[in-house]
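# Structural description and commentary
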Amino acid sequence: MSFLGFGRPKLSSEEKVAMAEQELRMLASMHNRMTKMCQTKCIPDYREGELNKGESVCLDRCSAKYFESHQKVSDIMQAESQKRGPAQGGAMF
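Everything in this summary refers to the structure shown in the same document. It should be emphasised that the depicted structure is a prediction, and the values quoted were computed from it without experimental measurement. (Residues numbered from 1 in each chain as written. Predicted model: local features only at pLDDT ≥ 70, side-chain atom pairs only at ≥ 80, totals over all residues. Heavy atoms only, no water.)

## A look at the state of the cysteines
Operational definition: Any cysteine sulfur atom paired with another within 2.5 Å is treated as part of a disulfide. Under the DSSP-based scheme used, a helix requires at least four consecutive residues in state H or I and a strand at least two consecutive residues in state E, with every element numbered from the N terminus. Each residue gets one of three labels from its accessible area relative to the maximum for its type: buried under 20%, exposed over 50%, partly exposed in between, using a 1.4 Å probe on protein chains only.
Under the criterion given, the structure shown has two disulfides. The disulfide partner of Cys 38 is Cys 62, and the S-S distance across this bridge is 2.0 Å. Of note, the bridge from Cys 38 to Cys 62 carries an S-S torsion of about -85° and is left-handed in sense. Taken together, the residues Cys 38 in helix H1 (residues 13-42) and Cys 62 in helix H2 (residues 53-84) connect sequence positions 24 residues apart. We note that Cys 38, like Cys 62, is buried. Here Cys 42 connects covalently by a disulfide to Cys 58, the sulfurs 2.0 Å from one another. Sign of the S-S torsion, about -70° for the bond between Cys 42 and Cys 58, identifies this disulfide as left-handed.

This is the structure:
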């Protein structure tokens, strides 16, 4: 516990494992959504066994934009969470 009882409480190892598992589930979910979205957009049908140049470029750009937008949204949500502070339910993640 920190000085005068303020600050973040120490997490037990079970809580740390639970948080790591939750983060892993969130990353897997994000990856699955990105894969489905970019595949639908960039590969409308499977005519060949390998990707052509246009499909490869599309997938590369789509995934880069997806990660960039995800990062921007995460940064904004984290900033809003910090503005609220822990007393007002700021722990969103």
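## Here's the deal with the packing of aromatic side chains
Keep this limit in mind: Think of it this way: a Phe, Tyr or Trp ring, Trp meaning its six-membered ring, pairs with another when their centres are within 6.5 Å, and the plane angle makes it stacked under 30 degrees, edge-to-face over 60, tilted otherwise.
Per the stated rule, a full pass over the model turns up one aromatic pair. Ring geometry for Tyr 66 against Phe 67: centres 6.5 Å apart, planes inclined by 85°, an arrangement best described as edge-to-face. According to the relative accessible area criterion, Phe 67 is partly exposed, its value standing at 41%.

## Concerning the pattern of salt bridges
This is how it is decided: Salt bridges are identified by distance alone: a Lys or Arg side-chain nitrogen within 4 Å of an Asp or Glu carboxyl oxygen.
Evaluated as defined, the whole model comprises three salt bridges. Of the charged contacts in the structure, one is a salt bridge between Lys 72 and Glu 68, with a shortest N-O distance of 3.4 Å. Residue Lys 72 and its partner Glu 68 are both found in helix H2; the two are separated by four residues, about one turn of the helix. Relative accessible area serves as the criterion here: at 45%, Glu 68 is assigned to the partly exposed category. The partner of Lys 83 in a salt bridge is Glu 80, with the nearest N and O atoms 3.4 Å apart. In this pair, Lys 83 and Glu 80 are both assigned in helix H2, three residues apart and thus about one turn of the helix distant.

## Some remarks on the packing of H1 against H2
In a packed pair of helices, the relevant descriptors are the angle between the two axes and the axis-to-axis distance. Test applied: Where helices are involved, their axes are fitted lines through C-alpha atoms of the stretch in contact, as for all axes, and angles between N-to-C directions lie from 0 to 180°. Note on terminology: angles under 35 degrees are roughly parallel, angles over 145 are roughly antiparallel, angles of 65 to 115 are roughly perpendicular, and the others are oblique. Left-handed describes a crossing whose near helix is turned anticlockwise from the far helix by less than a right angle; the clockwise case is right-handed. Contact criterion: two residues are considered in contact whenever any of their non-hydrogen atoms come within 4.5 Å of each other.
At a minimum axis separation of 9 Å, H1 and H2 run at an interaxial angle of 140°. Between H1 and H2, the crossing angle belongs to the class labelled oblique. Two packed elements cross with a definite hand, and for H1 against H2 that hand is right-handed. Between H1 and H2, the contacting residues are Met 30, Arg 33, Met 34, Met 37, Cys 38, Gln 39, Lys 41 and Cys 42 on the first element and Glu 55, Cys 58, Leu 59, Cys 62, Ser 63, Tyr 66, Phe 67 and His 70 on the second.

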